[in-house]
Amino acid sequence: MALTKLAPAREREGFGQIAEIKTEARQDGEAIEWAQKALAKSPNDAAAHARLAERYVEMQRAGDAILAYEKAIALDPRNSRTTEALAQLHIQAGQPSRAAELYRGLLRVATDDEIIERTGEAAIALEELTDSLGELEKVLSPLAFVMSHKPVYRRLLVGLYLRYVPTLAERARWGTPEVAAAAQKELSRVSGQALRPLLELLRSDGDPNERRLAVTVLGFLGNRAAAAPLLAIAKGAPTSAGAARSTSG
């Protein structure tokens, strides 16, 4: 308390330090009390809400932690650490759809390529399990075109198609009439969106396995517009990188 008396303007920092001390001493109730005092001094501080959430997590009070993290994200939606922590709580609580919504939201506002890639990969893995890759595709596809100066979005979108389209094709072929019809409708929707990024992958010097899979995926989509570019690639039309190597050689 001496710190807060000597420097009233630093009360919030002092309260936060006391909360951390109490946490380390396993005095959970007092830790929460001091964390709440720190928050009262600056209720619009996203970091303070996140720290309070962390105290609740340590006390295994998941419900309170979720509420505190939600306030933190409302104040700072670009904070990836907070979003990831809250997503994990939702997954642990058996609410993966809420975690998926958080990942989609972060993908829309994030600016750092590393964060975008990490979030996108987590989202793809989660939504493949929850059978909701189509909803994620509707988020990533516009971002890949609008944010074309950030290749990370295209890479994520291609990764999504490589997982999603074969599953749809299998359902369209082997599913019940109702399932097959729904899968075929989704394939038709995806076809127009997937053509450009998949062809860009084929023209690149990317992973050979991914390029082979991209050809298979294009075959599943049945988009006639892919025929001419695929023929050119099959005839050995060099990629820009390949051409450069040939010239230098």
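About the thresholds
Residues numbered from 1 in each chain as written. Predicted model: local features only at pLDDT ≥ 70, side-chain atom pairs only at ≥ 80, totals over all residues. Heavy atoms only, no water. Helix = DSSP H or I, 4+ residues; strand = E, 2+ residues; numbered from the N terminus. Expected span 1.5 Å × (residues − 1). Bend = angle between axes of the 7 residues up to and from the residue. Buried < 20%, exposed > 50% of the residue type's maximum accessible area, 1.4 Å probe, protein only. Contact = heavy atoms within 4.5 Å. Axes fitted to C-alpha atoms, helices over the stretch in contact; angles between N-to-C directions. Parallel < 35°, antiparallel > 145°, perpendicular 65-115°, else oblique. Left-handed = near helix turned anticlockwise from the far one by under 90°. Nonpolar A, V, L, I, M, F, W, Y, C, P; charged D, E, K, R; others polar. Patch = residues over 30% accessible without salt bridge, like charges linked within 9 Å, V, L, I, M, F, W, Y side chains within 5 Å. Areas by Shrake-Rupley, 256 points an atom, 1.4 Å probe, with all protein chains shown as cover. Salt bridge = Lys/Arg side-chain N within 4 Å of Asp/Glu carboxyl O. Lys, Arg positive; Asp, Glu negative; His and termini not counted. Charge placed at Lys NZ, Arg CZ, Asp CG, Glu CD. Polar contact = N/O pair within 3.5 Å; in protein donor to acceptor, adjacent residues only side chain to side chain.

**Student:** Got a minute to help me understand helix 10 (residues 151–174) in this structure?
**Tutor:** In an α-helix, one full turn covers 3.6 residues, which means residues spaced three or four apart are oriented alike. A rise of 1.5 Å per residue sets the reference length of helix 10, with its 24 residues, at 34 Å; its end C-alpha atoms lie 35 Å apart and thus fit the reference within 8%. Along helix 10, the largest kink reaches about 25 degrees and is centred on tyrosine 161. Looking at helix 10, one finds that the buried residues are Val152, Tyr153, Leu156, Leu157, Val158, Leu160, Tyr161, Leu162, Tyr164, Val165, Leu168 and Ala169. Against the buried residues of helix 10 lie helix 7 (96–109), helix 8 (113–129), helix 9 (133–146), helix 11 (177–203) and helix 12 (208–221).

**Student:** What exactly am I supposed to notice about the packing of helix 6 (residues 80–92) against helix 7 here?
**Tutor:** Helix-helix packing: each pair is described by the crossing angle between the helix axes and the interaxial distance. Running from N to C, helix 6 and helix 7 point in directions that differ by 165 degrees, and their axes come no closer than 7 Å. Judged by the inter-axis angle, helix 6 sits roughly antiparallel to helix 7. Crossing geometry of helix 6 relative to helix 7 is assigned as left-handed. Two secondary-structure elements touch here, helix 6 through Ser80, Thr83, Leu86, Ala87, Gln88, His90 and Ile91 and helix 7 through Pro96, Arg98, Ala99, Leu102, Tyr103 and Leu106. Here the residues of the contact of helix 6 with helix 7 are counted per class, giving eight nonpolar, four polar and one charged.

**Student:** When you look at a negative patch on the surface in this model, what are you seeing that I'm missing?
**Tutor:** A contiguous patch of negative charge, built from Asp112, Glu114, Glu117 and Glu121, is present on the exposed surface. With respect to the helices and strands, the residue glutamate 117 is situated in helix 8. Classification of glutamate 117 as partly exposed rests on a relative accessible area of 31%.

**Student:** Looking at this structure, how should I read the side chain of lysine 150?
**Tutor:** Mapped onto the elements of the fold, lysine 150 is located in the loop between helix 9 and helix 10. A distance of 2.6 Å separates a polar atom in the side chain of lysine 150 from a polar atom in the side chain of aspartate 113. Lysine 150 has contacts with Thr111, Asp113 and Ile116, leaving out every residue within four places of it along the chain.

**Student:** Is there a simple way to think about the environment of valine 139 in this case?
**Tutor:** With respect to the helices, strands and loops of the structure, valine 139 is situated in helix 9. Placed 32 residues apart in sequence, valine 139 and leucine 107 show a C-alpha to C-alpha distance of 8.2 Å. Excluding residues that lie within four positions of it along the chain, valine 139 makes contacts with Arg104 and Arg108.

**Student:** Sorry, what's going on with the pattern of salt bridges here?
**Tutor:** Side-chain pairs of opposite charge can arise whenever the charged atoms involved come near each other. Here the structure, examined in full by the defined rule, presents 14 salt bridges. The salt bridge involving lysine 150 is made with aspartate 113; its shortest N-O contact spans 2.6 Å. You can see lysine 150 sitting in the loop between helix 9 and helix 10 and its partner aspartate 113 sitting in helix 8, a full 37 residues away along the chain. Accessibility expressed as a relative area gives 15% for lysine 150, which makes it buried.

**Student:** Would you mind showing me how to read the packing of helix 8 against helix 9 here?
**Tutor:** At a closest axis distance of 8 Å, the pairing of helix 8 and helix 9 adopts a crossing angle of 150 degrees. Between helix 8 and helix 9, the angle is such that the two are roughly antiparallel. Of helix 9, the residues touching helix 8 (which contributes Ala123, Ile124, Glu127 and Glu128) are Leu133, Glu135 and Leu136. Counted by class, the contact of helix 8 with helix 9 contains four nonpolar, no polar and three charged residues.

**Student:** Is there a simple way to explain helix 4 (residues 46–58) in this structure?
**Tutor:** With 13 residues, helix 4 ought to run about 18 Å at 1.5 Å a step, and its terminal C-alpha atoms sit 19 Å apart, in line with that. Looking only at helix 4, the buried set comprises Ala46, Ala48, His49, Ala50, Leu52, Ala53, Arg55 and Tyr56. Structurally, the start of helix 4 carries an N-cap: the backbone nitrogen of alanine 47 is 3.0 Å from a side-chain oxygen of aspartate 45.

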